[in-house]
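# Analysis of the macromolecular model
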Amino acid sequence: ALESGSVPPVKALGVLAMIDDGELDWKVLAIDVNDPLASQYNDIDDVPEEVKAGVREWFRWYKTPDDKPLNGFGFDEKFLDKAETVKVIQETHEAWQKLKEGKTDKGKLWTE
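Each chain carries its own residue numbering, running from 1 in the direction its sequence is written. In keeping with the predicted nature of the model, local features appear solely for residues at pLDDT of at least 70, side-chain atom pairs appear and are counted solely at 80 or more, and the whole-chain, interface and lining totals rest on all residues. Neither water nor hydrogens contribute to the side-chain values; these are computed over all heavy atoms in the structure.

## Notes on the nonpolar core
- Formed by Leu13, Leu16, Met18, Leu29, Ile31, Ala38, Tyr41, Ile44, Val47, Phe59, Phe73 and Phe79, the largest nonpolar core amounts to 12 residues.
- Only DSSP runs of H or I covering at least 4 residues are called helices, and only runs of E covering at least 2 are called strands; the numbering of each starts at the N terminus. Those elements that place two or more of their residues in this core are strand E1 (10-20) and strand E2 (23-32).
- A total of three residues in this core trace back to one element, the largest contributor, which is E1.
- Here a residue-residue contact requires only that any non-hydrogen atoms of the pair lie within 4.5 Å. Apart from residues lying up to four places away in sequence, Ala38 is in contact with Lys11, Ile31, Asp32 and Val33. Nine residue types can take part in a nonpolar core, namely buried Ala, Val, Leu, Ile, Met, Phe, Trp, Tyr and Cys, and a core is a set of them joined through side-chain atoms within 4.5 Å. Per-residue accessibility, obtained with a 1.4 Å probe over protein chains only, is compared with the maximum for each type, and a residue is labelled buried under 20%, exposed over 50%, and partly exposed between these values.

## Structural notes on the packing of aromatic side chains
- Stacked, edge-to-face and tilted labels apply to pairs of Phe, Tyr and Trp rings (six-membered ring for Trp) whose centres lie within 6.5 Å, assigned for plane angles under 30 degrees, over 60, and everything in between, in that order. The full count for this structure, using the stated rule, is four aromatic pairs.
- Both rings, one in Trp26 and one in Phe75, keep their centres 6.3 Å apart while their planes meet at 25°; by these two values the pair is stacked. Of this pair, Trp26 sits in strand E2 while Phe75 sits in the loop between strand E3 (72-73) and helix H2 (82-100), and the two are 49 residues apart along the sequence.
- According to the relative accessible area criterion, Trp26 is partly exposed, its value standing at 25%.
- Residues Trp58 and Tyr62 carry aromatic rings whose centres are separated by 4.7 Å and whose planes lie at 15° to one another, so their mutual orientation is stacked.
- Linked through ring pairs, Trp58, Phe59 and Tyr62 together constitute an aromatic cluster.

So yeah, pure geometry; function would need other evidence.
See below:
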């Protein structure tokens, strides 16, 4: 278990394009670099299908106890590989930087 507030170093393996209330919500699958399996998992194809399916199903159902609908997924419900994951991380980080610098409309987001 991780201590609350901890930020362990991780290795990104893949990304899932979840659709939540009609909006894209990227979900990055990563592994702690100190995990015993980290040397075996370098890209999403190294992760067993049953693990990927379990993660996807958890994200599909996790909001239903709050009477929200099932979440859907883009890309035929497949995880994208590490190279695409790195692009998603870079793009979303750049968008966050522009938001923090006031170079993009924050809409209803709280940025303080």
